[in-house]
Structures are given as C-alpha cells and as structure tokens.
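The lines below spell out each chain.
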Amino acid sequence: MIKTAITDMFGIEYPIICGAMMWLCTPRLCAAISNAGGMGNITAGNYETEEEFRGAIREVRKLTDKPFMVGITILPSVRITSEHHAMYAKVCAEERVAGIEVSGSPLDKALGKKAFESLKKAGIKIFHKVGSVRHAVHAQKAGYDGVYAAGFEEGGHPLGDDVTTMVLTPRIVDSVKIPVVTVGGIADGRSLAAALALGAQGVMMASRFIATSDCDAHENIKQELVRRQENETTLICKSIGLQGRALKNKIICEVLTAEEKGLGLEAIIPLIAGQRIKKAWEKGDVEDAPLMVGQSIGHIHDVISCKELLKRMQDDAVAQLRKASDLIR
Ligand SMILES: Cc1cc2nc3c(=O)[nH]c(=O)nc-3n(C[C@H](O)[C@H](O)[C@H](O)COP(=O)(O)O)c2cc1C
C-alpha cells in the first residue's frame, strides 16, 4: 500500500486523482474512480445552471460515499463566465465537496479572498493546477492546500512555459512546503513510481481515464487512444494565447494551418468550439474535433475498468519502486 500526504488528506486508498475533463468528467466516471479508491472529478464547466451543477454533485453522492473533487477552470470562454465561477464556488461550499481543482487564473484572484476563505472555512481542500514554480509559490502564499504540477506533456491546456513534468515536479517540490501532485505523462504504475521518486505525493491523470469502461466517450475514440502513440499529439492555439495539446487529426491540421496563415480568433474559434468537441466524444468521430489528450496516450494499451486500472497502477508502482531500491548497494 502506498501512503502519502494525499491519501492521508482525503482518506483515499491510492494517491491517484482524475483531472478535470470537459464533457467527460460526469457523475458516472467520477463515482467509478472514487469507488475504485482514487479521487473522481466533476468538471463544473459541464453545467451551466446551479440546478444542473448541484444535481451532478448529488448524483455522485448517490453512486458513492467516497470523496471526489470538483474541477473549476478559469480560462477565457464565451460560454462560462465569472458569474458561473462564483456559482460553482458557492455550490461547492454549500455541498461541502472534498476538494476543488482550480486551473487557469487562481481562484483567490478571480473570485476574491472572501470567497476563497469561505471555501476554506467549509473544510474544502483547494489545489491549484500550475505549470511553473512562480504560480506554485503564489498558491502556497495565498493559502492553497496543495498544487498540481502540470508538465508540458499534459492534455488540455499546458502553460506556455513549456516545462516538462520531469523537470517541473522536483523544481516545485523544492520550492513549496504544501503537497505536490504530478500531472502530465502519467498513465501507469511506472509513471506513478517516477512521480513519487521525484518527491510528489501523488499523481493526477486524465487521458488514461478516457480508455476505461466507466467513461462515456464513444468506443471508437477509446480504441483510437489504444492505437495512437506518444508522438501523435501536438500543441495548438499558442498564437491566440490559449495553448492546448490535442490528438493529431484532420481538424488539428486545419487549426495549425489557420495559425500559420496568421488568421485570428474568428477563423479558429469555430474549429475548436465546445459543442463540436462534445459531439465528437458522443459520436466517436476521431477526425472532426480537437480531442485534448496528452502524450501519456503512448502508455495506454487497453480499455479496462477504473477499479482494475487503479489496482494495477498501485501494484506496478510498488514493484517498480522495489526493483529500483534493489539497485542500491
Ligand atoms: C479530454 C480532456 C479534457 C480536459 N478538459 C480540461 C478542463 O476542462 N479543465 C482543465 O483544467 N483541464 C482539462 N484537461 C486537462 C486535465 O485535467 C489534465 O491536466 C491533463 O489531461 C493531464 O494530462 P494527461 O491527460 O496526459 O493525464 C482535460 C484533459 C482531457 C484529456
């Protein structure tokens, strides 16, 4: 059994947390991960009204009595506004969720210190997902309970500093006293063992959870992730200040061509629109939308349940750490 500051903080079996995933982190997947001994995630941006968002949290509670996180993404968006962010924070405090994953702008700056303090008073652990030492240091100073150190390999929106997980994790571990969780490039027991060896207290992963029988993504996409390798993602949208990492496909070629031509937001937004991505996950169309997965797809070789995945990761990590310690003479 692996015991860390993260397993102790949340009372969970494995130090493995699911990262926010727009359209995919729904109650079913969230509860399956938490029931399997990890930490599930409800991604707030999936819900536009207070009723829907509160309903999703309550649905998870019907499916599990274990803790789970809520992911609140504070990035420029046409659909999700600052009123939504305030509503998410209010509902999280009222529902007393176990933790919040904040990404993009820090919550204390976006909502103000008062809202941040009321979440802390409700006993909610708040983690900021950061891609740099300076942001981790801010999180510690502002009173966050921990940081997710997200390397450039990650899916979603890696910070434009472009620092890899291997370098970022120990840099942040050396720079703050609050627990650090490694994000980016994690998909198996070896990467969990590596993160722990770098000084992290746990890992966060997202792409690996798509290729599980508990995720609602279409089977075509799950099988595509099994087929694709680590060199088959690319960075997009750096030119418009919204860097993302996505699976190479037809629509990504169109986005990159538009960027090369210097076309702005007007040409690019329709190609990366949320509804287009939602439809692709549902219908299984691998070519027609940005699928924001990370380089970790190189380590996805099968579609299994979350329960099997987390048990396998822990067993492999323990075996890997034992093997590594045998090297010591
Ligand atoms: C399909 C997908 C959607 C994502 N959506 C979000 C999001 O809405 N907000 C966010 O902060 N991160 C998002 N991410 C990033 C993840 O939370 C996590 O940081 C990243 O994927 C970790 O890298 P990995 O996928 O290689 O494990 C998304 C990732 C994926 C794969």
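Just above sits the structure.
Just so we're clear, the structure is a prediction, and the values are computed from it rather than from any experiment.

Criteria and cut-off values
Residues numbered from 1 in each chain as written. Predicted model: local features only at pLDDT ≥ 70, side-chain atom pairs only at ≥ 80, totals over all residues. Heavy atoms only, no water. Buried < 20%, exposed > 50% of the residue type's maximum accessible area, 1.4 Å probe, protein only. Helix = DSSP H or I, 4+ residues; strand = E, 2+ residues; numbered from the N terminus. Arc of directions from axis to C-beta. Salt bridge = Lys/Arg side-chain N within 4 Å of Asp/Glu carboxyl O. Polar contact = N/O pair within 3.5 Å; in protein donor to acceptor, adjacent residues only side chain to side chain. Contact = heavy atoms within 4.5 Å. Axes fitted to C-alpha atoms, helices over the stretch in contact; angles between N-to-C directions. Parallel < 35°, antiparallel > 145°, perpendicular 65-115°, else oblique. Nonpolar A, V, L, I, M, F, W, Y, C, P; charged D, E, K, R; others polar. Near = heavy atom within 4 Å. Areas by Shrake-Rupley, 256 points an atom, 1.4 Å probe, with all protein chains shown as cover. Pairing = 2+ DSSP bridges. Core = buried A, V, L, I, M, F, W, Y, C linked by side-chain atoms within 4.5 Å.

A.B. asks: What exactly am I supposed to notice about helix H8 (residues 165-175) here?
C.D. replies: Taken together, the buried positions of H8 are occupied by Thr165, Leu168, Thr169 and Ile172. Viewed end-on, H8 has its buried residues packed into an arc of 100 degrees, placing them on one side of the element. Turned more than 90 degrees away from the buried face of H8 sit Met166 and Asp174, all of them exposed.

A.B. asks: Can you help me understand the pattern of salt bridges in this one?
C.D. replies: Pairs may arise between side chains of opposite charge once their charged atoms sit close together. Tallied over the entire structure, the rule returns 25 salt bridges. In this structure, Glu224 and Arg227 form a salt bridge, with 2.8 Å as the shortest nitrogen-oxygen distance. Residue Glu224 and its partner Arg227 are located together in helix H11 (residues 219-227), separated by 3 residues, close to a single helical turn. Overall, the relative accessible area of 12% leaves Glu224 in the buried class. A network of salt bridges, in which partner residues are shared, links Glu50, Arg54, Arg58, Arg61, Lys90, Glu94 and Glu95.

A.B. asks: It is not clear to me how the side chain of Ser207 should be interpreted in this structure. Could you clarify?
C.D. replies: Structurally, the position occupied by Ser207 is in helix H10 (residues 207-210). Residue Ser207 is classed as buried on the basis of its relative accessible area, which comes to 5%. In terms of polar contacts, Ser207 uses its side chain to reach the backbone amide nitrogen of Gly294, at 3.0 Å. Those residues in contact with Ser207 that lie beyond four places of it in its chain are Leu225, Val293, Gly294, Ser296, Ile297 and Ile300.

A.B. asks: Can you help me understand the packing of helix H12 (residues 250-260) against helix H13 (residues 265-272) in this one?
C.D. replies: The relative placement of two packed helices is expressed as an angle between their axes plus a distance between the axes. Between H12 and H13, whose axes approach to 10 Å, the crossing angle comes to 170 degrees. The angle between H12 and H13 falls in the class roughly antiparallel. Residues Ile251, Glu254, Val255, Ala258 and Glu259 of H12 lie in contact with H13, whose contacting residues are Ile268, Leu271 and Ile272. The residue makeup of the contact of H12 with H13, split by class, is 6 nonpolar, no polar and 2 charged.

A.B. asks: Is there a simple way to think about the site of the ligand in this case?
C.D. replies: Of all residues adjacent to the ligand, which total 21 residues, the nearest are Ala20, Ser103, Glu154, Ser207 and Ser296. Separating an oxygen atom of the ligand from a side-chain N or O atom of Ser207 is a distance of 2.6 Å. When the ligand sits alone it has 600 Å² of accessible area, and the protein chains cover 94% of it. Classifying every residue of the shell around the ligand gives 10 nonpolar, 8 polar and 3 charged.

A.B. asks: Can you walk me through helix H7 (residues 133-142) in this structure?
C.D. replies: The α-helix winds at 3.6 residues per turn, so residues separated by three or four positions along the chain end up facing the same way. Among the residues of H7, those classed as buried are Val133, Ala136, Ala139 and Ala142. One or two steps after H7, the chain reaches Gly143, where phi turns positive at roughly 100 degrees.

A.B. asks: Would you take a moment to explain the sheet that holds strand E1 (residues 16-18) for this structure?
C.D. replies: Strand pairing in a sheet relies on backbone hydrogen bonds, with the paired strands running either antiparallel or parallel. As summarised here, the arrangement of the 8 strands in space is E1-E8-E7-E6-E5-E4-E3-E2, forming an open sheet in which the pairing is parallel. Among the strands making up the open sheet, the edge pair consists of E1 and strand E2 (40-43). Averaged over all neighbouring strand pairs, the angle between strand axes comes to 30 degrees, with direction disregarded. By the bridge criterion, 3 bridges tie strand E7 (residues 180-183) to strand E8 (residues 202-205) in an arrangement that is parallel.

A.B. asks: Looking at this structure, how should I read the nonpolar core?
C.D. replies: The tendency in soluble globular proteins is for nonpolar side chains to be buried side by side. Counting residues in each nonpolar core, the largest one holds 44 residues, and the members touching the most others are Ile16, Phe209, Ile210, Trp281 and Leu310. Residue assignment for this core shows that the elements contributing at least two residues are E1, helix H2 (27-35), helix H9 (189-197), E8, H10, H11, helix H14 (274-283) and helix H15 (306-325). With 6 residues, H15 is the largest single contributor of residues to this core. What Trp281 contacts, discounting residues up to four positions off in sequence, is Met22, Trp23, Leu24, Ile210, Ala217, His218, Ile221, Leu291 and Val293. Grouped together as the second largest cluster of nonpolar side chains are 42 residues, Ala44, Phe53, Ile74 and Ala89 included.

A.B. asks: Can you walk me through the environment of Leu321 in this structure?
C.D. replies: Inspection of the secondary structure puts Leu321 in helix H15. When the C-alpha atoms of Leu321 and Ala194 are compared, they prove to be 8.4 Å apart, with 127 residues separating the residues in sequence. Each residue touching Leu321, except ones within four places of it in the same chain, is listed here: Ala193 and Leu196.

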